[in-house]
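Structural overview for review
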Amino acid sequence: MLPIAEKMDSVGFFSMEVWGGATFDVSIRYLKEDPWERVRQLKKKIHKTPLQMLLRGQNLVGYRNYPDDVVAKFVETAANVGIDIFRVFDALNDTRNMETAIRTVKEMKKHAQGTVCYTISPVHTVQSYIRVAKELARLDCDSICIKDMSGILSPTEAHKIVKAVKRHVHLPVDVHSHCTSGMAPITYLSACEAGADIVDTAFSPFAWGTSQPPVESIVGALRGTEFDTGLSLELLVQISEYFRELKERFRDLKLIDPRSETVDANVLIHQIPGGMISNLISQLKEQNAVNRLDAVLKETPRVRKDLGYPPLVTPTSQIVGTQAVMNALSGERYRVVSKEVKDYVKGLYGRHPARINPKVRKKILGDERIVTVRPADLIPAELKSIREKAETLIKNDEDLLTYALFPQIATEFIAERDTKGKAIDPETIAAIAVALAKEYLEKKAYHLLPTTVRRVAYSPWKSAGIRDLHESRLLRPGFFVEGL
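Let us look at the structure shown here. (Residues numbered from 1 in each chain as written. Predicted model: local features only at pLDDT ≥ 70, side-chain atom pairs only at ≥ 80, totals over all residues. Heavy atoms only, no water.)

Let us now look at a nonpolar patch on the surface. On the surface, a cluster of nonpolar side chains totalling about 490 Å² of accessible area is made up of Phe206, Phe250, Leu253, Leu255 and Ile256. Here Phe250 shows up in helix α10 (residues 233-250). The class of Phe250 is partly exposed, set by a relative accessible area of 38%. (Patch = residues over 30% accessible without salt bridge, like charges linked within 9 Å, V, L, I, M, F, W, Y side chains within 5 Å. Areas by Shrake-Rupley, 256 points an atom, 1.4 Å probe, with all protein chains shown as cover. Salt bridge = Lys/Arg side-chain N within 4 Å of Asp/Glu carboxyl O. Helix = DSSP H or I, 4+ residues; strand = E, 2+ residues; numbered from the N terminus. Buried < 20%, exposed > 50% of the residue type's maximum accessible area, 1.4 Å probe, protein only.)

Summarising burial for strand β4 (residues 111-117): seven of the seven residues are buried, a large majority. Here β4 shows a buried face lined by His111, Gln113, Thr115 and Cys117 and a second buried face lined by Ala112, Gly114 and Val116. Where strand β3 (residues 85-88) meets β4, four bridges bridge the pair, whose relative direction is parallel. Looking across to β4, one finds that Phe86 is bridged to Ala112. Two elements, β4 and strand β5 (residues 143-147), share five bridges in a ladder whose sense is parallel. Across the sheet, the residue bridging to Thr115 is Cys145, located in β5. Between β4 and its parallel partner β5, the chain crosses via helix α6 (residues 126-138), and the hand of that crossover is right-handed. (Pairing = 2+ DSSP bridges. Right-handed = clockwise from strand over helix to strand, strands pointing away.)

Bringing empty space enclosed by the protein into the picture now. Scanning the entire structure with this criterion turns up three cavities of 30 Å³ or more. Considering the residues around the largest cavity, the lining is formed by Asn59, Asn65, Asp90, Ala91, Leu92, Pro315, Thr316 and Tyr349. Counted by class, the lining of the largest cavity contains four nonpolar, three polar and one charged residues. (1 Å grid on protein atoms, 1.4 Å probe; cavity = no way out; pocket = protein on both sides within 12 Å on 5 of 7 lines; lining within 4 Å. Points joined across faces, edges and corners; volume = space filled by probe spheres on them. Nonpolar A, V, L, I, M, F, W, Y, C, P; charged D, E, K, R; others polar.)

It is worth spelling out the sheet that holds β3 at this point. A sheet is described by the order of its strands in space; here seven strands give the open sequence β1-β2-β3-β4-β5-β6-β7, paired in parallel fashion. Where the open sheet ends on each side, the last strands, each with one partner, are β1 (16-20) and β7 (198-199). Here α6 sits on the sheet in contact with β4 and β5, set at roughly 160° to β4. (Contact = heavy atoms within 4.5 Å. Axes fitted to C-alpha atoms, helices over the stretch in contact; angles between N-to-C directions.)

Time to look at the pattern of salt bridges. A complete count under the given rule lists 36 salt bridges for this structure. A salt bridge links Arg29 to Asp25; the nearest nitrogen and oxygen atoms lie 2.8 Å apart. Of this pair, Arg29 and Asp25 are both found in helix α2 (residues 23-31), four residues apart, which corresponds to roughly one turn of the helix. Here the salt bridges do not stand alone but share partners, grouping Glu17, Arg87, Asp174 and Asp200 into one network.

In this structure, Asp306 sits in helix α13 (residues 293-306). Assessed through its relative accessible area of 7%, Asp306 is described here as buried. Polar contacts involving the side chain of Asp306 include one to the side chain of Tyr334, which spans 2.7 Å. Among residues more than four places away in sequence, those in contact with Asp306 are Arg333, Tyr334, Ile356, Asn357 and Val360. (Polar contact = N/O pair within 3.5 Å; in protein donor to acceptor, adjacent residues only side chain to side chain.)

Time to look at the environment of Glu193. Residue placement: Glu193 occurs in helix α8 (residues 184-194). C-alpha separation for the pair Glu193 and Phe227, spaced 34 residues apart in sequence, amounts to 8.3 Å. With near-sequence residues (within four places) excluded, Glu193 lies in contact with His159 and Phe227.

Turning our eyes to something else, we now look at the packing of helix α1 (residues 2-9) against helix α3 (residues 35-45). With their axes 8 Å apart at the nearest point, α1 and α3 run at an angle of 50° to one another. In this view, α1 runs oblique relative to α3, as classed from their interaxial angle. In the packing of α1 onto α3, the handedness of the crossing is right-handed. Residues Leu2, Ala5, Glu6 and Asp9 of α1 lie in contact with α3, whose contacting residues are Gln41, Leu42 and Lys45. Taken together, the residues that form the contact of α1 with α3 break down as three nonpolar, one polar and three charged. (Parallel < 35°, antiparallel > 145°, perpendicular 65-115°, else oblique. Left-handed = near helix turned anticlockwise from the far one by under 90°.)

Going through the model one piece at a time under the given rule, you end up with 13 aromatic pairs. Between Trp36 and Phe74, the aromatic rings sit 5.3 Å apart at their centres with planes inclined by 55°, giving tilted as the arrangement. You can see Trp36 sitting in helix α3 and its partner Phe74 sitting in helix α4 (residues 68-81), a full 38 residues away along the chain. Grouping residues by exposure puts Trp36 and Phe74 together as buried. By way of ring pairs, the aromatic residues Trp19, Phe24, Trp36, Tyr63, Phe74 and Phe406 are connected into one cluster. Looking at Lys147, its charged tip hangs above the ring of Phe89, at a distance of 5.2 Å from the centre. (Phe/Tyr/Trp six-rings, centres within 6.5 Å; stacked < 30°, edge-to-face > 60°. Lys NZ or Arg CZ within 6 Å of the ring centre and 35° of its normal.)

None of this, on its own, says anything about what the molecule does.
Here's what the structure looks like:
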């Protein structure tokens, strides 16, 4: 990212979204990079263009509701690191779940972009979206985003919604869509004609499919019209060439599923976002049941209807999808119910868009009552106890928050980060590794070995089940200390 950052900064974008959503999780889980440092480094290169992040309201960048003290601390720290615009959304469009984040953004003198999640259902109407937009305006948001995560927003509906929101809420409107169904470029033009101020795009090598429309195409299409962006098409093409070469270098690693780059009109029927389909396929593979994908795709809209038509975006997309898999594979609908589904039905994720199927509610909750208060009001403060619990691991507020969001992954990540590059005696580590691996093998519990040990299986220490020890992360000091 860094070599092209300054050139991107010179384009004149409204903002550059560089953080939030799954990127935080991916950084520590797979890339072993500090997500806070990523923003800090980008901020050193990008001075003119505001940096933007996606924030899941009370879920932050995680998968559950966090207490208000964690939410406020996260927003404060993100603002101090370099985030200028916070796009705050809630999967259920329950603005109560956005209050604390938006209030803290404003306290930090940053731009709060309140979000309306778009979906199609009998209860999601233009009037319902206006109501949410008005509530966000009352929370003192600086702009409104119409977020179409599935790529199902049609040009006609975009025109209606944008025009209505602009009429009732006098704030800039940003339209965010995906090319999953192929409609997004036309939808963007219709949104512009209705008064949209901003549209979200991606550079062409990473555009189309489940991503956004290409920035070069949108800028070119709007040239010479009343919506002319004034951006340099020549400069955009130069930058896209950089990303094209980068993509080619990574092609052999097969990091991008070809299906995610193509149009899938089925989304207009089942409304399932591309990322959610990937999760469903992954779950089915784990259970050797990929052949049941069609059954799961048919079951998903039924589950969504039963649960009161939640928009399919994190975390409700995972909640609905997992239950659809359980229903399709168990032979009896709702015979097996996840904790997340029970919490959702109980109201712990927020206000349901529509009434939950009474029979389903009875089967899942029995006689338990649905929670009607703001869910976060039921969650006690956590920061103090987390700081005490992980005192030896945490070095600063950033570590504290990383641990608060992903305690298990953060423990390994922070330990590895802090020991990376330090000198160590390979023979000592080899002896410890062999002893540890033998112990697990004797117990026939090889699968329980810490992941950093399992990644180095077999020769040259075949008897111990270890391979390529000197190239592994086992050479970093401190790794085995806690394990032993």
